[in-house]
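# Fold and contact review
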Amino acid sequence: MREILFKAKRWSDGEWVYGDLNNLQDSTIIHWYNNGCRVADEVDPSTVCQYTNIDIRREAWPSSEVHKIFTGDCLGEWGEDEDGNECVCILGVVTYWESEGRYVLADEDGLCNDWTLEDVAQPQNWPNLIHCGSIHDGEGGQ
């Protein structure tokens, strides 16, 4: 069964909260649980991201924790910069492609191209990639 989950940045402190989304007339709320109590936080609607039901677990980079992949997340892989130094190269931003009815890796402007159809860009291969933060975290990801 598909898990329906959202994340967004809380207005009060800019921290991410995860839970159920409720769009009201004048605000956007995420409901979540803290020690068994349901909490409602008003969030910045421009940062709302939906869970794709895909997780990434990378051993040792940046840690071995599991990252749930949401729309707006940046995914990458190890590569080299123009000087030959090893680095993480961002491949794209997780985006929901309306016309195809599926999640894709798009460029930073949310545009899809032929590369979107390549094997590495397919959602079933995302667990092999590196979670590099979110477009809502500012420059440099997390």
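Just above sits the structure.
Structural notes, computed from the coordinates. Everything quoted here is computed from the prediction, not taken from an experiment. (Residues numbered from 1 in each chain as written. Predicted model: local features only at pLDDT ≥ 70, side-chain atom pairs only at ≥ 80, totals over all residues. Heavy atoms only, no water.)

This next bit is on the overall build of the protein. In terms of helices and strands, the protein carries 0 helices and 10 strands. Moving toward the C terminus, one meets the helices and strands of the protein in the order β-β-β-β-β-β-β-β-β-β. The buried share of the protein, reckoned over its 142 residues, is 37%. If you take every contact in the protein between residues at least 6 apart in sequence, the share linking residues at least 24 apart comes to 41%. When the accessible surface of the protein is totalled, it reaches about 8,700 Å², and 45% of it is carbon and sulfur. (Helix = DSSP H or I, 4+ residues; strand = E, 2+ residues; numbered from the N terminus. Buried < 20%, exposed > 50% of the residue type's maximum accessible area, 1.4 Å probe, protein only. Contact = heavy atoms within 4.5 Å. Areas by Shrake-Rupley, 256 points an atom, 1.4 Å probe, with all protein chains shown as cover.)

Let's shift gears to the nonpolar core. In this structure, Ile54, Ile56, Ile69, Leu75, Val94, Tyr103, Leu105, Ala121, Trp126 and Leu129 together form the largest nonpolar core, which totals 10 residues. Every element with two or more residues in this core is listed here: β5 (49-57) and β9 (102-106). If we skip the residues at most four places from it in the chain, tyrosine 103 touches Arg2, Gln50, Tyr51, Thr52, Thr71, Val94, Thr95, Tyr96, Pro123 and Trp126. (Core = buried A, V, L, I, M, F, W, Y, C linked by side-chain atoms within 4.5 Å.)

Quick look at the sheet that holds strand β8 (residues 86-97) now. Within the open sheet, the 4 strands sit side by side as β9-β8-β7-β10. Their pairing is antiparallel. Unpaired on one side and paired on the other, β9 and β10 (130-134) mark the two borders of the sheet. With strand direction ignored, the average angle separating the axes of adjacent strands in the sheet is 40°. With 7 bridges connecting them, strand β7 (residues 73-80) and β8 associate as antiparallel partners. In the strand pairing of β8, tryptophan 78 is matched with valine 88. (Pairing = 2+ DSSP bridges. Axes fitted to C-alpha atoms, helices over the stretch in contact; angles between N-to-C directions.)

Let us now look at the side chain of threonine 47. When you line up the elements, threonine 47 lands in the loop between β4 (37-43) and β5. Discounting chain neighbours no more than four positions away, the residues touching threonine 47 are Lys7, Ala8, Lys9, Trp16 and His136.

Next up on the list: the sheet that holds strand β1 (residues 6-9). Spatially, β4-β3-β2-β1-β5-β6 is the arrangement adopted by the 6 strands of the open sheet, whose pairing is antiparallel. Every other strand in the sheet has two partners, leaving β4 and β6 (66-70) as the edge strands with one partner each. With strand direction ignored, the average angle separating the axes of adjacent strands in the sheet is 55°. Here β5 pairs with β6 via 4 bridges, running antiparallel. Paired with isoleucine 56 across the two strands is histidine 67, which belongs to β6.

What follows concerns the side chain of aspartate 73. You can see aspartate 73 is positioned in strand β7. Residue aspartate 73 is classed as buried on the basis of its relative accessible area, which comes to 0%. A distance of 3.2 Å separates a polar atom in the side chain of aspartate 73 from a polar atom in the side chain of histidine 131. Not counting residues up to four positions away in its chain, the partners in contact with aspartate 73 are Lys7, Lys68, Gly92, Val93, Val94, His131, Gly133 and Ser134. (Polar contact = N/O pair within 3.5 Å; in protein donor to acceptor, adjacent residues only side chain to side chain.)

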